[in-house]
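# Report on the structure
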Amino acid sequence: MSETAGRPAGFGFATTTDEVVDGVDLTGRTAIVTGATSGLGAETARALAVTGARVVLAARRTGAAARIAAELTERTGNDRIEARELDLADPRSVRRFTDAWTGPLHMLVNNAGIMALPELERTPDGWERQLAVNFLGHFALVRGLERPLAEASGARVVCLSSAAHLRSPVVFDDLHFRYRPYDPWLAYAQSKTADVLLAVGITRRWGGRGVRADAAHPGIVHTELQRHIQWDTAGLPMKTVAQGAATSVLLATAPELEGLGGAYYQDCRPARVVEERSPDYSGGVAPYALDPANAERLWATAVRALAS
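What you are looking at is a predicted structure, and each value in this text was computed from that prediction instead of being measured.

## Observations concerning the sheet that holds strand β2 (residues 54-59)
Strand order in the open sheet made by the eight strands is β3-β2-β1-β4-β5-β6-β7-β8, with mixed pairing throughout. Taken across any chain shown, the strands that pair with only one partner, and hence form the sheet edges, are β3 (81-85) and β8 (269-270). For strand β4 (residues 107-110) and strand β5 (residues 156-160), the ladder comprises four bridges, and the chain directions are parallel. Across the sheet, residue Asn 110 finds its bridge partner in β5, namely Cys 159. Relative to strand β1 (residues 30-34), helix α2 (residues 39-50) is tilted by about 170°, and along the sheet it contacts β1, β2, β3 and β4. Seen against the sheet, helix α5 (residues 129-144) touches β1, β4 and β5 and runs at an angle of roughly 170° to β4.

Encoded structure:
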């Protein structure tokens, strides 16, 4: 895809969610936003609610999600906002969520994530926790919702990624750091590359049925995601939460993107493919994150992991 294809005129780094949804009416459509208890997820849910869509906040902390749902109902006047339990680190929780779902699903925003855990943590299934939450849980969610997405006749899936994906491809021979020393940033980077490949895989497999997916880099935004790290952001191009969530909301709602998919967006536009990482992570997408063979291999690997 060219850098101009799928880019609404005038949108860029400073675009906000309200600008993205201005004039958009999604009454009668349904969206799920994972990890919508704070930060980018809560703002994404708010922006979707403004359009009139039914919005389901899927979160591990159901009490917090219910409070956000009530707040958003009051702020937007949309009474079709609800909270449901979803623990992405637990395949059984994901299965309960998808088994209980009824009706078509028009928008799925895979927003939830964890970042740079200081020590190696594994889920009860033995998965490295960042890969489990950021990718495998969302993979299971997407597969479990395949039929509702197809029933929507034009569903959009948004996979939250990061410029951190430029630090590492998916290391298929050691996904869970059983051989190499654990590194918080490499684990996070691998999971964010996996999220881009998920978008590629969804579009390749289900695009013919009207289900398309893209990946989004929100930019540098101060949220709870960074609770495990301390970094000096002086001089870096910072975004507000409303600016950071704008790309995700664009991918979920923009009519200009109908029929497109399998791309990586930043600043509300498709990113350029880069051959090496710039020192300041200024942008771009690595070829390995868009490679169809990698996407196919990761899909098959995830299927086997969830079956074991």
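## Considering the nonpolar core
Here is a general trend for soluble globular proteins: nonpolar side chains tend to be buried in one another's company. Residues Ile 32, Leu 108, Phe 135, Leu 149, Val 157 and Ile 202 are the most contacted members of the largest nonpolar core, which totals 58 residues. With residues up to four places along the chain from it excluded, the contact list for Ile 202 reads Val 142, Val 157, Gly 207, Val 211, Ala 213 and Trp 299. Grouped together as the second largest cluster of nonpolar side chains are 37 residues, Val 21, Ala 246, Ala 252 and Cys 268 included.

## Considerations on the pairing of β2
Summarising burial for β2: six of the six residues are buried, a large majority. Burial along β2 is two-sided: Arg 54, Val 56 and Ala 58 and Val 55, Leu 57 and Ala 59, pointing in opposite directions, are all buried. Tracing the backbone out of β1, into α2 and back to the parallel element β2 gives a crossover that is right-handed. Bridge analysis of β2 against β3 gives five bridges, and the strand direction is parallel. When the bridges of β3 are listed, Ala 59 appears paired with Glu 85. With helix α3 (residues 62-76) bridging β2 and the parallel β3, this β-α-β connection has right-handed handedness.

## Section: the layout of surface pockets
In this approach the atoms are scanned with a rolling probe the size of a water molecule, which exposes any empty space left behind. Its boundaries defined by the atoms lining it, the second largest pocket holds a volume of some 390 Å³. If you trace the second largest pocket, you find 20 residues lining it, with Arg 29, Ser 153, Gly 154, Arg 156 and Glu 258 closest to the centre. Split by residue class, the lining of the second largest pocket holds nine nonpolar, six polar and five charged.

## A word on the environment of Arg 84
Within the element layout of this structure, Arg 84 appears in strand β3. For Arg 84, a relative accessible area of 23% gives the class partly exposed. Excluding residues within four positions of it along the chain, Arg 84 makes contact with Arg 54, Val 56, Leu 57, Ala 58, Ala 59, Thr 62, Phe 97, Ala 100 and Trp 101.

## Topic: the packing of aromatic side chains
Inspection of the entire model under this criterion finds six aromatic pairs. On the numbers, 5.8 Å between centres and 40° between planes, the contact of Phe 135 with Phe 139 is tilted. Of this pair, Phe 135 and Phe 139 both sit in helix α5, four residues apart, which is roughly one turn of that helix. Side by side, Phe 135 and Phe 139 carry an identical accessibility label, which is buried. Seen from their ring centres, Trp 185 and Tyr 188 are 6.0 Å apart, and the 80° between their planes marks the pair as edge-to-face. One end of the pair, Trp 185, and the other, Tyr 188, are both in helix α7 (residues 184-206), three residues apart, so they sit about a helical turn from each other. Judged by its relative accessible area of 5%, Tyr 188 falls in the buried class. Grouping aromatic residues by their ring pairs yields a cluster made of Phe 135, Phe 139, Trp 206 and Trp 299. The residue whose ring lies beneath Lys 239 is Phe 13, and the NZ or CZ to ring-centre distance is 4.9 Å.

## As for helix α4 (residues 91-100)
Those residues of α4 that sit buried are Pro 91, Ser 93, Val 94, Phe 97 and Thr 98. Looking down the long axis of α4, one finds its buried residues gathered within 160° of arc, a one-sided arrangement. In α4, the exposed positions angled more than 90 degrees off the buried face are occupied by Arg 96 and Asp 99. Elements in contact with the buried residues of α4: β1, β2, β3, α5 and α11 (292-307).

## Structural notes on the side chain of Ser 93
Residue position: Ser 93 is located in helix α4. According to the relative accessible area criterion, Ser 93 is buried, its value standing at 4%. Within the structure, Ser 93 has its side chain in polar contact with the backbone nitrogen of Asp 87 (distance 2.8 Å). Beyond its immediate sequence surroundings of up to four residues, Ser 93 is in contact with Leu 86 and Asp 87.

## Some thoughts on the pattern of salt bridges
In total, this model carries 13 salt bridges according to the counting rule given. With its nearest N and O atoms 2.5 Å apart, the salt bridge here joins Glu 146 to Arg 209. You can see Glu 146 sitting in helix α6 (residues 146-151) and its partner Arg 209 sitting in the loop between α7 and β6 (212-217), a full 63 residues away along the chain. The partner of Lys 239 in a salt bridge is Asp 267, with the nearest N and O atoms 2.7 Å apart. Of this pair, Lys 239 sits in the loop between β6 and α8 (241-244) while Asp 267 sits in the loop between β7 (264-266) and β8, and the two are 28 residues apart along the sequence. Lys 239 gets classed as buried once you look at its relative accessible area, which sits at 7%. Three or more residues joined by partner-sharing salt bridges are found here, namely Asp 18, Glu 43 and Arg 46.

Parameters and conventions
Residue positions are counted from 1 within each chain, in the order its sequence is given. Note on the predicted model: pLDDT of at least 70 is required for a residue's local features to be given, and 80 or more for side-chain atom pairs to be given and counted; whole-chain, interface and lining totals, by contrast, use all residues. As a convention, hydrogens and water are excluded, and side-chain values are obtained from all of the structure's heavy atoms. For two strands to count as paired, DSSP must find a minimum of two bridges between them. Helix and strand definitions follow DSSP, with helices as H or I runs of at least four residues and strands as E runs of at least two, each counted in order from the N terminus. Residue contacts are defined here by distance: any two heavy atoms, one from each residue, within 4.5 Å place the two residues in contact. To get an axis, a line is fitted to the C-alpha atoms, and for a helix only the part in contact is used. The angle between two axes follows their N-to-C directions and goes from 0 to 180 degrees. Here, the term nonpolar core denotes a set of buried Ala, Val, Leu, Ile, Met, Phe, Trp, Tyr and Cys residues that are joined through side-chain atoms within 4.5 Å. Any residue under 20% of the maximum accessible area for its type is buried, any over 50% is exposed, and the rest in between are partly exposed; the area is computed with a 1.4 Å probe on protein chains only. Classification remark: right-handed applies to a crossover when, strands pointing away from the viewer, the course from the first strand over the helix to the second runs clockwise. For cavity detection a 1 Å grid was placed over the protein atoms alone, and a set of points counts as a cavity when a 1.4 Å probe fits there but cannot get out; an open set counts as a pocket when protein lies on both sides within 12 Å along at least five of seven lines, with lining residues being those that have an atom within 4 Å of a point. Grid points are joined across faces, edges and corners, and a volume is the space filled by probe spheres set on the points. For this classification, Asp, Glu, Lys and Arg are treated as charged, while Ala, Val, Leu, Ile, Met, Phe, Trp, Tyr, Cys and Pro are nonpolar and the rest, including Gly, are polar. Between rings of Phe, Tyr and Trp, where Trp is taken as its six-membered ring, a pair exists when centres lie within 6.5 Å; planes separated by under 30 degrees are stacked, by over 60 edge-to-face, and by other angles tilted. A ring is scored as having a charge over it whenever the NZ atom of a lysine or the CZ atom of an arginine sits within 6 Å of its centre and within 35 degrees of its normal. Each direction from the helix axis to a C-beta atom contributes to the arc, which is the arc of those directions. As used in this structure description, the phrase polar contact means that two N or O atoms lie within 3.5 Å; if the pair is within protein, one of them must be able to donate a hydrogen and the other to accept it, and residues adjacent in sequence are counted only when both atoms belong to side chains. By convention in these notes, a salt bridge is any Lys or Arg side-chain nitrogen within 4 Å of a carboxyl oxygen on Asp or Glu.

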